[in-house]
Amino acid sequence: MAKIIIVSGSNRQGRGTPQVAEWVLATAKNTQSEHEFTLVDLADYDLPFMQEAYPPQNNPDRQLDGDVKRWVETMSEADGYLIVTPEYNHSVPAYLKNALDTLDYQLKRKPVAIVSHGAIAGARANEHLRLIINSNLGAVPVPESVTLNAMPAFGPVFDDNHQLLEQYQGAQKPLENTLESLVWHTEALAKARTK
């Protein structure tokens, strides 16, 4: 059984990202029910701006406390990840980037899928996030991703059951394909890491 964390990657007031993350979670439970999916909302963590003297990967004596410790420990518990990000100013939210900057080896050799939303479907945030997770974090971006051309904060995108409204249904199959690929990569990389 794969253990996968879905990260709701925004903390601003009035954000639509939690709605997108709930859709991802509902779809995951419907299509990949034999695996364990957990939703983690960045807004539940009070993460200060990362000002450590050394990059986390280069500090073997790193001491963590508070929500930074809780965030790092939470992320270490999964075998794979799906990050839901809006697009802010042609990139990912600063709070999401900062949260990723606090990690050291939690994502190393683990797969990460991306679901973006917003103007032009969050495509620029999607591309930036792919570069971020594959740099010093050493994560493995899965080839498939979802770009949802919608901004839930400005109008309804989902019904009460976290299902897409008719005009957005074109994103459903790409999400199912992305989840299938994420599970495959999660299982394959978990086996490889045990060797």
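As a reminder, the structure under discussion sits directly above these lines.
Everything quoted here is computed from the prediction, not taken from an experiment. (Residues numbered from 1 in each chain as written. Predicted model: local features only at pLDDT ≥ 70, side-chain atom pairs only at ≥ 80, totals over all residues. Heavy atoms only, no water.)

(A) Spotlight on helix 1 (residues 17-31). For helix 1, spanning 15 residues, the distance from its first C-alpha to its last is 21 Å, which sits close to the expected 21 Å at 1.5 Å a residue. For helix 1, the full list of buried residues reads Thr17, Val20, Ala21, Trp23, Val24, Leu25, Ala26, Thr27 and Ala28. Packing partners of the buried residues in helix 1 comprise strand 1 (3-8), strand 2 (36-41), strand 3 (80-86), strand 4 (111-117), strand 6 (146-148) and helix 5 (172-194). (Helix = DSSP H or I, 4+ residues; strand = E, 2+ residues; numbered from the N terminus. Expected span 1.5 Å × (residues − 1). Buried < 20%, exposed > 50% of the residue type's maximum accessible area, 1.4 Å probe, protein only. Contact = heavy atoms within 4.5 Å.)

(B) Quick peek at the pattern of salt bridges. In the structure shown here, the tally under the stated rule is 8 salt bridges. For the salt bridge of Arg62 with Glu52, the shortest nitrogen-to-oxygen distance reads 2.7 Å. Residue Arg62 is located in the loop between strand 2 and helix 2 (66-76), and its partner Glu52 is located in the loop between strand 2 and helix 2; the two are separated by 10 residues in the primary sequence. On the accessibility criterion, Arg62 (12% relative accessible area) is buried. The residue Arg70 makes a salt bridge to Asp67 at a minimum N-O spacing of 3.3 Å. You can see Arg70 and its partner Asp67 sitting in helix 2, 3 residues apart, about one turn around the helix. Each of Glu52, Arg62 and Asp104 takes part in one network of salt bridges that share partners. (Salt bridge = Lys/Arg side-chain N within 4 Å of Asp/Glu carboxyl O.)

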